[in-house]
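# Overview (structure and organization)
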Amino acid sequence: MTEADPVSVLIGGAQGEHVSLNAGMANRHGMIAGATGPGKTITMQILAEGFSRAGVPVFLADVKGDVSGLSVQGKPHPKVDERIQAIGIEDFQLSGTPVVFWDMYGKKGHPVRTTVTELGPLLLSNLLGLSDAQEGVLYAAFKIADEEGLALLDLEDLQALLTWMSDNRKELVGEYGNFTTASIGAIQRDLLVLEEQDAETFLGEPALNLNDMMRVDFSGQGVISIMDVTEIMNRGPKLYSTFLLWMLSELFENLPEVGDLEKPKFVMFFDEAHLIFDDAPRALLDKIEQVVRLIRSKGVGVYFITQSPLDVPESVLGQLGNRVQHALRAFTPKDQRSVRAAAETFRANPRLDTAAVITELGVGEALASVLDAEGRPTVVERVLVAPPGSQIGPITPAQRQVIVRSSVIYGTYEREIDRESAYEILQRRAEQAAAAADAAEQSSRD
């Protein structure tokens, strides 16, 4: 068992023995795993609360729409009192945390946008599901935009650039390699599918300033940014995973190196983590592995929430030092492999048959192993997960709107900006070329 220290996050325990996550090792990443129902969301909630109290800003994706209760104080309940007594928590308090709500579609929180340029060709190719040849065309488009000074802000800009490339293909192939109008047409059709999913609401300006998700409030608590992704998941999970990977990439590219800190600068929780890796091409998986490995030096901790450790590539799984495992059921051979894989990710405890315990855990119970002050994994322990001080379950839409409108950033992202970019520039060039052609024709007649 680890002793709680001034900068630590309580996970749970039993009979006065606690397992706490050392905040100094929180940037070594982690995982919350388990079948549906045993309590992964509550574990994410109590960890987010703990980081917030420690002064660490938090981002979490709300996949099911049930974590907005973090913003308000929980209610007394006999079962909460029973859990507090069983764990031996002496300083438990019911309280909410400072929260900012975000929503890509701007309905349940502040709108979230980035530009096509910032998204980049690798993530956009994965989002569109492009072939290698089509991906090459997209990379050429980004290079042309950069060299021609064409800002790619939204899908309209990219469509206009692709049309211009098709019209000027003969002049471009010598410098940018051979590409076909068929490949361009295929990309444009895929972009139309994105438009039907309202993905254009995510692409544009004002672009999200990630510093607005890395705030500490007046009391010194880290602000928790809750991104509602329920509608995104219904329209297309790839858009959700692309957004998460874009956030990781932006943090990696823009944050300075800070080395080992007493506590992380930022912690991110990615629910339904398997969606990030499903069907991702090798180049993207390599990029994810690199970012996860190196972003800890920027003071960022990433926590994946998923059903089984098998959902995460081994190269990434090996970098997740802090583990909380809820119950798994072993009904099929595949289930049994998942149980064995989960058990093997822990440092063995001679007092526990880890694989057997995973199938026996009840709701609110978990196996936990964290990194000690030297970065070594502790032996796995069976714990009762601590209860949250905030409300379990969602708040009302009216409560949410009050929080959104009282936010210090309200008004920053609510109105979309449409400045001059590739679409307007190429349209003006086309008009000028047409006018010059008309003038030349008129001159020849004269």
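Not measured: the values here are computed from a predicted model. (Residues numbered from 1 in each chain as written. Predicted model: local features only at pLDDT ≥ 70, side-chain atom pairs only at ≥ 80, totals over all residues. Heavy atoms only, no water.)

## A closer look at the pattern of salt bridges
How we decide: What makes a salt bridge here is a side-chain nitrogen of Lys or Arg within 4 Å of a carboxyl oxygen of Asp or Glu, nothing more. Numbering of helices and strands runs from the N terminus, with a helix taken as a DSSP run of H or I at least four residues long and a strand as a DSSP run of E at least two residues long. Type-normalised accessible area, obtained with a 1.4 Å probe on protein chains alone, sets the label of each residue: buried when under 20%, exposed when over 50%, and partly exposed for intermediate values.
Overall, the coordinates contain 18 salt bridges when judged by the stated rule. With a shortest N-O distance of 4.0 Å, Arg382 and Glu360 are connected by a salt bridge. You can see Arg382 sitting in strand E11 (residues 381-385) and its partner Glu360 sitting in helix H14 (residues 354-360), a full 22 residues away along the chain. Assessed through its relative accessible area of 30%, Arg382 is described here as partly exposed.

## Brief notes about the packing of aromatic side chains
Put simply, the test is: Note on aromatic pairs: the rings of Phe, Tyr and Trp (six-membered ring only in Trp) are paired at centre separations within 6.5 Å, and the planes decide the class, stacked below 30 degrees, edge-to-face beyond 60, tilted for the rest.
Following the criterion strictly, the structure yields 11 aromatic pairs and no others. With a centroid separation of 5.8 Å and 75° between ring planes, the pair formed by Phe202 and Phe243 is classed as edge-to-face. Of the two residues, Phe202 is situated in the loop between helix H7 (181-196) and strand E6 (224-228) and Phe243 in helix H9 (residues 237-254); the sequence distance between them amounts to 41 residues. A centroid spacing of 5.9 Å and a plane angle of 50° characterise the contact between Phe277 and Phe304, whose relative ring orientation is tilted. With Phe277 in helix H10 (residues 274-277) and Phe304 in strand E8 (residues 300-306), this residue pair connects regions lying 27 residues apart in the sequence. Judged by its relative accessible area of 8%, Phe277 falls in the buried class. Among the aromatic residues, ring-to-ring pairing joins Phe59, Phe202, Phe243, Trp246, Phe270, Phe277 and Phe304 into one connected group.

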